[in-house]
2 protein chains.
Amino acid sequence: MKISSMQEYGLRCILCLAAHKCDTPMTVREIAEKECLTTDYVEKILVTLRHAGLVKSIRGVNGGYVLEMPSKEISVAKVLESLGPVELGKSICKRFSGETDKCVHQGNCSIRPVWGVLNQFIYKFLSRLNLENLNQSENELKAEIERQCI
Amino acid sequence: MKISSMQEYGLRCILCLAAHKCDTPMTVREIAEKECLTTDYVEKILVTLRHAGLVKSIRGVNGGYVLEMPSKEISVAKVLESLGPVELGKSICKRFSGETDKCVHQGNCSIRPVWGVLNQFIYKFLSRLNLENLNQSENELKAEIERQCI
DNA sequence: CGGAATCTTGACTATTTTATCAGGTATTGT
DNA sequence: ACAATACCTGATAAAATAGTCAAGATTCCG
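In short, a report on the structure. Every chain's residues receive numbers from 1 upward, in the order its sequence appears when written. Numbering of ligands from 1 and lettering of chains from A proceed in the order in which they are written. Residues qualify for local features only when their pLDDT is at least 70, as the model is predicted, and side-chain atom pairs are given and counted only at 80 or more; totals for whole chains, interfaces and linings, by contrast, use all residues. Excluding hydrogens and water, the side-chain figures rest on all heavy atoms present in the structure.

Before going further, it helps to examine the protein's contact with DNA strand D. Residue proximity to a molecule or strand is established when one non-hydrogen atom of the residue lies within 4 Å of it. Close to DNA strand D lie 24 residues, the nearest being Lys2 and Tyr65 of chain A together with Thr38, Tyr41 and Lys44 of chain B. Near the protein, within 4 Å, the atoms of DNA strand D are sugar or phosphate in 72% of cases. Side-chain polar atom of Thr38 of chain B to a phosphate oxygen of DNA strand D: 2.9 Å apart, as the coordinates give it. Here a phosphate oxygen of DNA strand D sits 2.5 Å away from a polar atom, N or O, in the side chain of Tyr41 of chain B. Mapped onto the surface near DNA strand D, the elements with two or more residues apiece are α3 (39-51), β1 (55-58) and β2 (64-67) of chain A together with α1 (5-19) and α3 (39-51) of chain B. Under the scheme used here, helices are H or I runs from DSSP no shorter than 4 residues and strands are E runs no shorter than 2 residues, and both carry numbers assigned from the N terminus. Top contributing element to the surface near DNA strand D by residue count: α3 of chain B, with three residues. Its residues placed into classes, the surface near DNA strand D shows seven nonpolar, 10 polar and seven charged. For this analysis, a polar contact is any N or O atom pair within 3.5 Å, provided that within protein one partner can donate a hydrogen and the other can accept it, and provided that sequence-adjacent residues contribute only side-chain to side-chain pairs. Residue type decides the class: Asp, Glu, Lys and Arg count as charged, Ala, Val, Leu, Ile, Met, Phe, Trp, Tyr, Cys and Pro as nonpolar, and the leftover types, Gly among them, as polar.

What follows is the structure, given as structure tokens:
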């Protein structure tokens, strides 16, 4: 059970933009240096985020990337979704091994509700969190989440 | 965000064993047929489950696999854990990209609590569920989970 | 005993996901 | 205009995951 590295790194990159207070856009190189990633990889991630409408690019000298909207309006769920699937069991029930072209449990699958409930919780949780929330110290955030969610 | 196919298929296979009421063990072939997987793949999965002490094998003619303990005592969490990681962000904070040998956010990572809370919820939830619970119709289970968990 | 049924193992191949590379295109400042 | 800066794109390489194959070991039964 894991998130893809694109999702994790993408979240970090966009968080970089959210934390960047200056008016000037942030270049790919700056983000890459901050996160210790290669510029090529950061590039790729940002292109995906741009296609999802979460960041926008400014070309030319002094160009770079900025958030498309205020950090408060960008939920973690949106960021992760744009970089890959967020639901847990979804892909499995669509991939089938060899012999049949539909899930053996089509009619009655007792595993489905397990993923269902988890997905619902995960999605709700990630939708409530936005980049502004994440833009505070680890301890503050932890406290806030625990107060709010448990 | 996804579970590995080994985890999904492994859960299905051990669920097969749990649902198998006869005294005789179930052969790899029978499980494979029921789940529409190849015998080789089922084999591989069962070996893993055996190493985790969740099933035991009986060799020779009339052999096969049986649960190592009553289905009530086997939690879904244990099954999934034995087949791969269950925690979400764990592997990411240990994999690093290229340039440094430790996480850039070591000291103060606001993403960590996000995975932390999710992991805690997921783990609790999957620990409460056992194979006996799953061994009922989709609708019954769904009702039970929703009553209990939300 | 001897062979059929069944598990056991490890190496191998295929597919998907990650990450890099290199060459291209757009924009801006001077 | 033009050179510098920075985004854009598609091909390719590397690594991880998924799935297959083949030969071996163990047990049962006649």
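Here the narrative resumes.
Let us now look at the pattern of salt bridges. Residue and element names in this part refer to chain A. Salt bridges, as used here, are contacts in which a Lys or Arg side-chain nitrogen is within 4 Å of a carboxyl oxygen on Asp or Glu. Per the stated rule, a full pass over the model turns up two salt bridges over all chains. Arg12 is the partner of Glu8 in a salt bridge, and the nearest nitrogen-oxygen pair spans 3.0 Å. In this pair, Glu8 and Arg12 both sit in helix α1 (residues 5-19), four residues apart, roughly one turn of the helix. For the residue pair Glu8 and Arg12, the accessibility class agrees, reading buried in each case. Each residue's exposure class comes from its accessible area (1.4 Å probe, protein chains only) as a fraction of the maximum for that residue type: buried when under 20%, exposed when over 50%, partly exposed otherwise.

Below, the discussion takes up the packing of aromatic side chains. Residues and elements named next belong to chain B. Only centres within 6.5 Å qualify two rings of Phe, Tyr or Trp (six-membered ring in Trp) as a pair; their planes then separate them into stacked at under 30 degrees, edge-to-face at over 60, and tilted for everything else. Scanning all chains against the criterion turns up five aromatic pairs over all chains. Seen from their ring centres, Tyr9 and Tyr41 are 5.9 Å apart, and the 80° between their planes marks the pair as edge-to-face. Within this pair, whereas Tyr9 is found in helix α1, its partner Tyr41 is found in helix α3, the two being separated by 32 residues in sequence. Ring centres of Phe121 and Phe125 lie 6.2 Å apart, and the angle between their planes is 5°; this geometry places the pair in the stacked category. Here Phe121 pairs with Phe125, and both are found in helix α5 (residues 112-128), just four residues apart, close to one helical turn.

What follows is about the state of the cysteines. Note that a disulfide, as used here, is simply two cysteine sulfur atoms within 2.5 Å. Enumeration according to the criterion identifies zero disulfides over all chains in this entry. Here Cys13 of chain A stays unpaired: no disulfide links it, and the sulfur of Cys16 of chain A, its closest cysteine neighbor, is 6.4 Å away.

For the rest of this paragraph, the subject is unusual backbone geometry. The residue Cys36 of chain A is not glycine, and still its phi comes out positive at about 55°. By secondary structure assignment, the location of Cys36 of chain A is in the loop between α2 (28-35) and α3. Cys36 of chain A sits in the buried class, given a relative accessible area of 17%. The phi angle at Asn62 of chain B is positive, at roughly 65°, despite the residue not being glycine. Take Asn62 of chain B: it is sitting in the loop between β1 (55-58) and β2 (64-67).

By themselves these figures say nothing about function.
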